Each structure stands twice: as C-alpha cells, then as structure tokens.
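One letter stands for each residue in the lines below.
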Amino acid sequence: MDKTDVIVIGAGLAGLNCARELVRRGRSVRLLEATATIGGRIGTELHQGYRLDRGFQALQTAYPEARSALDLSALDLRAFVPGALIRFEGRFHRLADPWRQPLAGLATLFSPVGTLADKWRMAMLRRQLLSAGIDQIYDRPETTADARLRELGFSDAIIDRFFRPFLAGVFFDPTLSVSSRAFEFCFRAFAAGDTAVPATGMGAIPAQLLAALPAGILRTNARVTGLSEGGVTLESGERVSAGAIVVATEGVATARLLGDKVVPGTRGTTCLYFAAAAPPVDEPILVLNATGHGPVNCLVVPTLLSRDYAPAGDSLIAVSVAGIPADDDVIVEAAVRAQMRDWFGAAVDGWRHLKTFRIPDALPLQIPPVDNPRYRTRRRADWLYVCGDYCNAPTINWALYSGRSAAEALVADSDLRQAIA
Ligand SMILES: Cc1cc2nc3c(=O)[nH]c(=O)nc-3n(C[C@H](O)[C@H](O)[C@H](O)COP(=O)(O)OP(=O)(O)OC[C@H]3O[C@@H](n4cnc5c(N)ncnc54)[C@H](O)[C@@H]3O)c2cc1C
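Residues numbered from 1 in each chain as written. Predicted model: local features only at pLDDT ≥ 70, side-chain atom pairs only at ≥ 80, totals over all residues.

**Q** In this structure, what is going on with the packing of helix α1 (residues 13–24) against helix α12 (residues 396–420)? I would like to understand it.
**A** Each pair of packed helices can be described by the angle between their axes along with the distance between the axes. Interaxial distance between α1 and α12 falls to 7 Å at its minimum, and their mutual angle equals 35°. In terms of crossing hand, the pair formed by α1 and α12 is right-handed. Counted together, Leu-13, Ala-14, Gly-15, Leu-16, Asn-17, Cys-18, Glu-21 and Leu-22 of α1 and Ile-396, Ala-399, Leu-400, Ser-402, Gly-403, Arg-404, Ala-406, Ala-407 and Glu-408 of α12 form the full contact between these two elements. (Axes fitted to C-alpha atoms, helices over the stretch in contact; angles between N-to-C directions. Helix = DSSP H or I, 4+ residues; strand = E, 2+ residues; numbered from the N terminus. Left-handed = near helix turned anticlockwise from the far one by under 90°. Contact = placed C-beta atoms within 7 Å.)

**Q** Help me understand the sheet that holds strand β16 (residues 296–300) in this model?
**A** Hydrogen bonds along the backbone pair up the strands of a sheet, which may run parallel or antiparallel. As summarised here, the arrangement of the seven strands in space is β8-β7-β15-β16-β17-β14-β18, forming an open sheet in which the pairing is mixed. The open sheet terminates on both sides in strands that have one partner only, identified here as β8 (91–95) and β18 (352–364). For this sheet, the mean inter-axis angle between neighbouring strands, taken without regard to orientation, is 25°. Of the pairings in the sheet, the one linking strand β14 (residues 266–276) to β18 comprises nine bridges and is antiparallel in character. Following the sheet pairing, Ala-275 is matched in β18 by Arg-352. Sheet strands touched by helix α7 (residues 156–171): β7 (84–88), β8, β14, β15 (286–289), β16, β17 (315–322) and β18. Its angle to β16, the strand with the most contacts, is close to 75°. (Pairing = 2+ DSSP bridges.)

**Q** Quick question: what am I supposed to make of the site of the ligand here?
**A** Neighbouring residues of the ligand: 34 residues in total, closest Gly-10, Gly-12, Gly-40, Gly-55 and Gln-57. Broken down by secondary-structure element, the contributors of at least two residues to the shell around the ligand are α1, α10 (251–258), β18 and α12. In terms of residue class, the shell around the ligand is made up of 18 nonpolar, eleven polar and five charged. Counting residues domain by domain, the shell around the ligand receives three or more from each of domain 1 (4–43 + 203–264 + 368–420) and domain 2 (50–59 + 196–201 + 266–364). (Near = placed C-beta within 6 Å. Nonpolar A, V, L, I, M, F, W, Y, C, P; charged D, E, K, R; others polar. Domains from an automatic or database assignment.)

**Q** What's the story with the domain arrangement of the protein in this structure? I'm lost.
**A** Where interface size is given, it is often the accessible area lost as the parts come together that is meant. For the protein, the assigned domains are domain 1 (4–43 + 203–264 + 368–420), domain 2 (50–59 + 196–201 + 266–364) and domain 3 (95–192). Averaged C-alpha coordinates put domain 2 and domain 3 at centres separated by 24 Å. Across the contact, 13 residues belong to domain 2 and ten residues belong to domain 3. At the level of elements, β14, β15, β16, β17 and β18 are the ones that each hand at least two residues to the side of domain 2 that touches domain 3. Ranked by the residues each element gives to the side of domain 2 that touches domain 3, the list is headed by β14, at three residues. Looking at the side of domain 2 that touches domain 3 residue by residue, the classes come out as six nonpolar, six polar and one charged.

**Q** Sorry if this is basic, but what is going on with the pairing of β14 here?
**A** Moving residue by residue along a regular strand, the side chains alternate between the two faces of the sheet. The element β14 is largely enclosed, with a buried count of eight among its eleven residues. Sheet analysis places β14 next to β17, joined by eight bridges and oriented antiparallel. Residue pairing for β17: Thr-269 is matched across the bridge by Ala-322. (Buried ≥ 20, exposed ≤ 12 C-beta atoms within 10 Å, placed from the backbone.)

**Q** Would you take a moment to explain the sheet that holds strand β9 (residues 195–198) for this structure?
**A** Judged by pairing direction, the sheet is antiparallel, and its three strands sit side by side in the order β5-β9-β6 without closing on themselves. A strand with exactly one partner marks an edge of an open sheet, and here the two such strands are β5 (59–60) and β6 (77–79). With three bridges connecting them, β6 and β9 associate as antiparallel partners. If you follow Ala-79 over to β9, its bridge partner there is Ala-196.

Here you go:
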C-alpha cells in the first residue's frame with residue numbers, strides 16, 4: 001500500500017473536520033480513533049429505545065464555523081425556547097429572552113431575577129458584543145466572568161439567579177472564574193442565534209462530518225500509544241506509516257502522547273437521564289437551579305424538541321449535576337430525585353432512571369489567560385500538528401475551526417517546502 005500522506009489521531013469534531021479538509025486539499029488520510037465510535041465528546045447513545053446525548057449538549061446556530069462546516073438544514077435542528085425557567089424561592093420564574101430581546105424579556109419578569117438596571121445592562125452587553133465581532137472579544141483586556149459582570153454593574157441577584165447557574169451549565173464552573181473572553185464569546189453566540197439539537201440527537205453532527213469522508217479512511221478501536229516521524233504505533237503494536245501526523249485528541253491525551261510536561265486542567269459534569277410518562281414542564285426550555293442548594297444544575301426535556309429522543313408516548317428528561325460527585329450513582333440519583341420531587345411533586349417517583357453519564361474531562365479549564373483561538377500555533381514539528389478544543393476554546397465552533405486550520409497549516413507548509421525544494 002502507498003504511504004499515507006497524513007494520519008489524524010482522534011475522530012472528535014476537530015479530527016473529523018481536519019480529515020475532511022485534508023481530503024478536500026488532495027491529501028490521502030487515515031483517521032485513527034481509540035474508541036468504537038466517532039464524535040468524541042459529541043455523541044448520542046441508543047439505550048432501550050431512547051437517544052441519550054453524552055451529557056446535555058446543544059449547538060448554537062450562530063457559531064460561524066458550524067455554519068460553514070455543517071449543513072445545518074440537513075441536521076433538522078430543533079431550537080429551545082430562548083430564555084430559561086429559573087427555580088428559587090420555592091417556585092419557577094421565567095427569564096423570557098435575556099439574549100435576543102433583553103429589554104422585552106426582562107420586562108416580562110414579575111420575579112426578582114434582576115433589577116431594572118440589570119435589564120438595561122443586559123441590553124447594553126448584548127449590543128456591545130454583537131457589534132464587537134469575535135476578534136475584538138478575544139483581543140480586549142481579560143478578567144474572570146465574575147469580575148466582568150461586576151465591572152458592568154450587574155446586581156448580586158441576577159448574578160446568582162441567572163448567570164451563575166447558566167454559566168455552570170455552559171462551562172461546568174459555578175464559581176464564574178472562567179475567562180471573561182470565553183463568557184463573552186458564549187453570550188454572543190446565545191444572543192445571535194438559536195440553541196438547538198438535531199432531531200435525532202447530537203450524534204448527527206459528527207455523523208454528517210464522517211459522511212463527507214471517502215469510505216475506508218476511518219479506523220475505530222485503533223488507540224495510538226506512540227508516535228514519531230514517519231508514523232504511529234497502535235496499542236496492538238502495529239505500526240502505521242504516514243508522512244505527517246495531526247494529533248486531534250483531548251488535551252490530557254495529547255499531553256500524554258507528546259510527553260508534554262504541562263497537562264491542561266479540565267472540568268467535569270454528570271448527566272442523569274430519566275424516562276417518564278409525562279414531561280415535568282410543557283415547553284422545550286432550559287430549567288435552571290438558582291436555589292443555591294441541591295445537586296441539580298439544570299434540566300431539559302429533549303422529547304419536547306424531538307419525538308425521536310424516546311419511544312412513542314414517553315418523555316426523556318436530562319438532569320445535569322455540576323462536577324463529578326464523590327458519591328456513587330445510587331446516592332446521586334436519590335439526591336437528584338429528592339430535589340426534583342421538591343420541584344415537580346410525586347410524579348417524580350414514577351420517573352425511571354435510564355443511565356448516568358459521568359464525564360470527568362468534559363471541558364478544558366478556561367480560566368484566564370485565554371488567548372484569541374484564531375492565533376494558536378498548530379505546528380509542533382515539520383511533520384507534527386495538533387488540533388482540538390483545548391488548543392482553541394472548548395466549543396463545537398472552535399473544535400471545528402481548529403481541525404480546519406490545522407489542515408490548512410499542514411498543507412500550506414508542505415506546499416511551501418515543495419516549492420523551495
Ligand atoms: C457534556 C458536554 C456538553 C457540552 N456542551 C456543549 C455545547 O452545548 N455547545 C458547545 O459548543 N460545546 C459543548 N461541549 C464542548 C464540545 O463538545 C467540545 O469542545 C468538542 O466536542 C471537542 O471536540 P474535539 O474534537 O476537540 O475533542 P474530542 O471530542 O474529545 O475528540 C477527541 C477524540 O480523540 C480520541 N482519542 C483520544 N486518545 C486517542 C488515542 N490515543 N488514539 C486515538 N484516538 C484517541 C477520543 O476517543 C475522541 O474521539 C460540551 C462538552 C461536553 C462533554
């Protein structure tokens with residue numbers, strides 16, 4: 001067999017998009033994935049007739065790279081109702097649409113989610129971020145999300161009752177110590193478009209990327225354990241040769257493979273799925289816990305977005321818990337049930353637990369400094385490139401972007417070498 005031009009290690013979104021770009025640019029590619037499935041952290045498992053996304057996850061339709069890399073209409077996206085139902089003081093309070101109609105949205109509140117001044121500040125922040133552009137967001141002075149919100153004058157009430165549980169759901173960090181740049185990028189994406197899932201689950205996203213690759217490129221159950229110029233070694237001991245290598249694995253796995261001394265820190269999350277005869281809420285909206293106690297961070301009902309998520313007549317409920325609890329799954333489920341019973345009553349006793357996903361390395365830490373993801377170096381040697389969300393910023397957008405830009409850098413470098421040879 002002819003020597004392959006490039007081996008891409010890891011079939012998450014970064015690796016899939018990298019492989020696609022390399023193929024587009026005429027390179028022969030082998031995509032080696034350690035597990036039995038593609039998609040990495042984005043995926044959907046079929047379980048007893050239910051579609052369980054690997055932790056609650058969604059696509060922001062305003063992501064520029066998602067718009068160019070994916071055929072969004074073929075994904076048959078189902079959008080959440082903008083805003084959130086927020087639990088505190090013994091009942092739910094609606095935050096109608098803090099991103100897209102901040103004044104109108106907050107004006108509908110009859111709850112103390114925020115002050116009148118918060119309405120104005122939310123509108124100003126939104127306007128400023130939408131007019132700023134992505135580069136300006138990453139190039140301006142950085143602090144933590146908490147410090148930025150306080151700098152902007154937001155009240156403790158809206159920070160604790162909206163921003164804290166919301167950002168805990170996005171960054172798995174209830175302390176709001178994430179970079180203000182990461183926060184602003186995320187806030188901008190929520191303001192500029194829908195938050196949605198494909199009708200058949202998030203796994204449709206990597207499946208679409210894979211479908212664009214020529215048959216035979218992907219090899220699953222092929223864990224790479226070592227690499228050097230000229231090729232990689234698999235767990236089985238097999239050597240696979242190639243002219244160049246792109247490492248598209250998670251930050252921790254990449255550090256291990258490349259022998260890096262600095263291993264990127266991560267944050268974890270836990271997601272419990274339940275089946276129920278009836279949904280606990282009657283619209284596809286994010287339900288946030290702002291009570292300040294209990295294990296639950298947020299809840300969604302995917303079957304209110306798409307009936308494909310569960311067998312006919314059943315509801316699928318996803319409950320997210322911040323971090324990885326020290327207790328075992330049985331204790332965590334009991335604690336989640338107790339809180340849900342407090343919110344939704346005795347019907348919760350009839351919920352059937354389907355599965356708990358513990359995802360310890362769900363996201364790279366995004367504490368400052370977080371640099372502009374567009375300017376990250378992807379070349380580690382003439383023959384070695386890296387990509388993945390940890391070297392850009394952990395979102396679907398930046399994972400896709402980093403895969404594409406690693407492929408572009410590799411092709412441009414090799415074309416240049418050929419031209420001067
Ligand atoms: C629960 C959860 C919810 C999320 N929600 C959102 C959201 O709502 N919106 C959003 O934009 N982002 C979200 N994210 C973040 C987003 O999923 C990630 O940023 C993105 O999927 C990362 O893609 P990646 O390709 O960089 O890495 P990964 O998806 O981790 O892919 C790396 C791949 O490399 C493989 N691999 C590792 N080691 C080896 C090896 N030695 N040999 C071969 N293969 C190997 C892995 O098996 C994996 O398939 C969420 C993440 C999680 C976990």
